[in-house]
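Geometric and topological summary
Residue-level listing of the chains:
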Amino acid sequence: MSNIHTFEQAFAVSFPVEAAEWVLDRISGLYGDELLKKLFQKFDIKLKKVFNINVADEVIVGRAVQRMVCSGCFSVYNKITTPPKKEGACDFCGTSLSVRADDDEETVRNRSKVYHNAAGVIISSFRNDKILVEIDGSLSDDKVWGSISSYL
Ligand SMILES: [Zn+2]
């Protein structure tokens, strides 16, 4: 394993400071508003935009309970929108697909609650800094990406 022991070290390795432009995916607030701000300050990173992709809990639950994953190559399928060509088997490596134990409705709803509590503070902070852009995540992937890329 690597000798990365802290989130701060991992952050430094993942995002070299000389990189002029990059996209940081999934800031969840789990690390806290203050820690993230300190890290951005330490590495002299100025966020230009933060996209908050809003998806209603009902949609998230619907997507999660339909999800199947391949333990061979980690491909993700949806029983309704993106089913595998052959039922129960991965299109890419043939491994049997399974449902994640934590994708049941109750767990997904609890996970969503934890997310909203953790992310609320940092989202407000980005809103106050006037860099927050709200995106409608209930639309198709193409439309969501179209909305985001119009700001890039
Ligand atoms: Zn696979």
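Parameters and conventions
Residues numbered from 1 in each chain as written. Predicted model: local features only at pLDDT ≥ 70, side-chain atom pairs only at ≥ 80, totals over all residues. Axes fitted to C-alpha atoms, helices over the stretch in contact; angles between N-to-C directions. Helix = DSSP H or I, 4+ residues; strand = E, 2+ residues; numbered from the N terminus. Parallel < 35°, antiparallel > 145°, perpendicular 65-115°, else oblique. Left-handed = near helix turned anticlockwise from the far one by under 90°. Contact = placed C-beta atoms within 7 Å. Nonpolar A, V, L, I, M, F, W, Y, C, P; charged D, E, K, R; others polar. pLDDT = per-residue confidence, 0-100. Pairing = 2+ DSSP bridges.

1. Points about the packing of helix α3 (residues 57–65) against helix α4 (residues 105–128)
Relative placement of two packed helices is described by the angle separating their axes and the distance separating the axes. Contact pair α3 / α4: the axes reach a minimum separation of 9 Å and the direction vectors enclose 135°. Classed by the angle they form, the pair α3 and α4 counts as oblique. Here the hand of the crossing between α3 and α4 comes out right-handed. From α3, D57, I60, V61, A64 and V65 reach across to α4, where they touch E105, V108, R109 and S112. Residue classes in the contact of α3 with α4 are distributed as five nonpolar, one polar and three charged.

2. Description of the environment of R109
Here R109 shows up in helix α4. Along the primary structure R109 and I60 are separated by 49 residues, whereas in three dimensions their C-alpha atoms are 8.6 Å apart. Once residues within four sequence positions are removed from consideration, R109 is found in contact with D57 and V61.

3. Comments concerning the confidence of the model for the chain
The predicted model of the chain has a mean per-residue pLDDT of 80, with 78% of residues at 70 or higher. Mean pLDDT in the chain bottoms out at helix α1 (residues 7–14), which sits at 54, and peaks at strand β4 (residues 97–98), which reaches 95.

4. Some remarks on the sheet that holds strand β3 (residues 76–78)
Spatially, three strands are ordered β3-β2-β4 in an open sheet, and the strand pairing comes out antiparallel. One side of each edge strand has no neighbouring strand; the edge strands of this open sheet are β3 and β4. In the sheet, strand β2 (residues 67–70) pairs with β3 via three bridges, with the strands oriented antiparallel. Each bridged residue has a counterpart across the sheet, and for M68 the counterpart in β3 is Y77.

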